[in-house]
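# Coordinate analysis (summary)
Each chain, letter by letter, is given below.
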Amino acid sequence: LMLTLLAGMTIVILLLAGFLSIAGAQPDPDKPPFAGVLLDAEPGQELNLVTPLNTDVLGPEWRPIFREDFESPNWEVKWDVNLDFSAAGYKWGTRSVPNSLDPQSTAVAWAIGGGPNGSGLDPLAPSYPVGVNSWLVAGPLDLSGAKDALIDLDLFYEASGGDPFTVAVSEDRFQFTPQFTVNEDVNKGDGQWAQKTVSLASFIGKPQIWIAFTFESGNSTSKLGALMDNVSVWLEGAPGPYLPITSY
């Protein structure tokens, strides 16, 4: 009888401990789902750039698994996170800014155009503040059946030194490794639109990745910062499905 009681108490304790462990592991809805850690960022380097994408000459095995032109008023539903990882109050938002690479475009994403402080900014009187750390993240995307993969986007970058725009990739939605970083205007003057195509060769075969587009500022200046348009991810080979994350 004593052994039976001890066994019963042990089972109850284990079940209670398991319940507490599960309860304690639930995400805090007031905190972001990941810390947004950039690894090995190298200021001023344009990493993993390849020839700008020309879909007219791609073979039949190439196809897009993610596309965003920011034209829809509900564009945010395609994205995993739209967060500001600082106290500055600036997030990615959309604006009617001309894209010289795409005359049909009526909206682009602006790294400081959203959030409580950014939503009222006017791109015709550009000025970004100190302390911006805005992130826009897509995923998870499945590269397990791919032979090759690319990120393509139109980028307008106009910023001071030390204020980078970065395209980074993560396999765990926590730590992101930069694949492309631009820091300070190349022509030291007004920015201009340019097509950027970034290789994802390092992540071929991965069952899930997340792609982050970030802008950080350590200075304050009368410039636009970073804008982007026509973001797409292309695979060569049989692609896996795009798996959108339900909002936490």
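Reading the values: rules and limits
- Residue numbers run consecutively from 1 along every chain, following the written order of its sequence.
- Confidence filtering applies because this is a predicted model: local features only for residues at pLDDT of at least 70, side-chain atom pairs given and counted only at 80 or more, and all residues used for totals across whole chains, interfaces and linings.
- Note that the side-chain values use all heavy atoms of the structure and ignore hydrogens as well as water.
- Numbered from the N terminus, helices here are DSSP runs of H or I no shorter than four residues, and strands are runs of E no shorter than two.
- To sort residues, take the accessible area from a 1.4 Å probe on protein chains only and compare it with the maximum for the residue type: under 20% means buried, over 50% means exposed, and anything in between is partly exposed.
- Here the open area of atoms and residues is found with the Shrake-Rupley method and a 1.4 Å probe, where only the protein chains shown may cover a residue.
- What counts as a ring pair is set by centres within 6.5 Å for rings of Phe, Tyr and Trp (its six-membered ring), and what kind of pair is set by the plane angle: stacked under 30 degrees, edge-to-face over 60, tilted for all other angles.

On to the overall build of the chain. When helices and strands are counted, the chain shows 2 helices and 12 strands. Going from N to C terminus, the chain has its helices and strands arranged as α-β-β-β-β-β-α-β-β-β-β-β-β-β. Residues classed as buried in the chain amount to 44% of the 248 residues present. When the accessible surface of the chain is split by element, carbon and sulfur atoms take 56% of a total near 12500 Å².

Attention now moves to the packing of aromatic side chains. To describe a pair of aromatic rings, you give the distance between the ring centres and the angle between the ring planes. All chains considered together, the criterion is met by 9 aromatic pairs. An angle of 75° between the planes, with centres 6.5 Å apart, marks the rings of Trp92 and Phe165 as edge-to-face. Of the two residues, Trp92 sits in strand E4 (residues 91-95) while Phe165 sits in strand E8 (residues 165-170), which places them 73 residues apart along the sequence. In this structure Trp92 comes out as buried when scored by relative accessible area, which is 1%. A ring pair is formed by Phe165 and Phe180, whose centres lie 6.3 Å apart and whose planes are at 65°; its orientation type is edge-to-face. Here the residue Phe165 occupies a position in strand E8, and Phe180 occupies one in strand E9 (residues 175-182), the gap between them amounting to 15 residues. This pair shows no difference in class: Phe165 is buried, exactly as Phe180 is. What links up through ring pairs into an aromatic cluster is the set Phe66, Phe70, Trp75, Trp79 and Phe213.

This next bit is on the environment of Gly89. Examined against the element boundaries, Gly89 turns out to sit in the loop between strand E3 (81-84) and E4. Classification of Gly89 by relative accessible area gives buried; the value is 10%. Separated by 23 residues in sequence, Gly89 and Ile112 have C-alpha atoms that sit 8.7 Å apart.

On to unusual backbone geometry, then. Leaving glycine out, the prevailing phi sign among residues is negative, and the prevailing peptide bond configuration is trans. Here the bond from Gly139 into Pro140 is cis, since omega is 0°, no more than 30 degrees from zero. By the secondary structure assignment, Pro140 is in strand E6 (residues 133-141). Positive phi is not limited to glycine here, since Phe70 has a value of about 65°. When you line up the elements, Phe70 lands in the loop between strand E2 (62-68) and E3. Owing to a relative accessible area of 1%, Phe70 belongs among the buried residues under this scheme. A positive phi angle, near 50°, is found at Asn230, a position not held by glycine.

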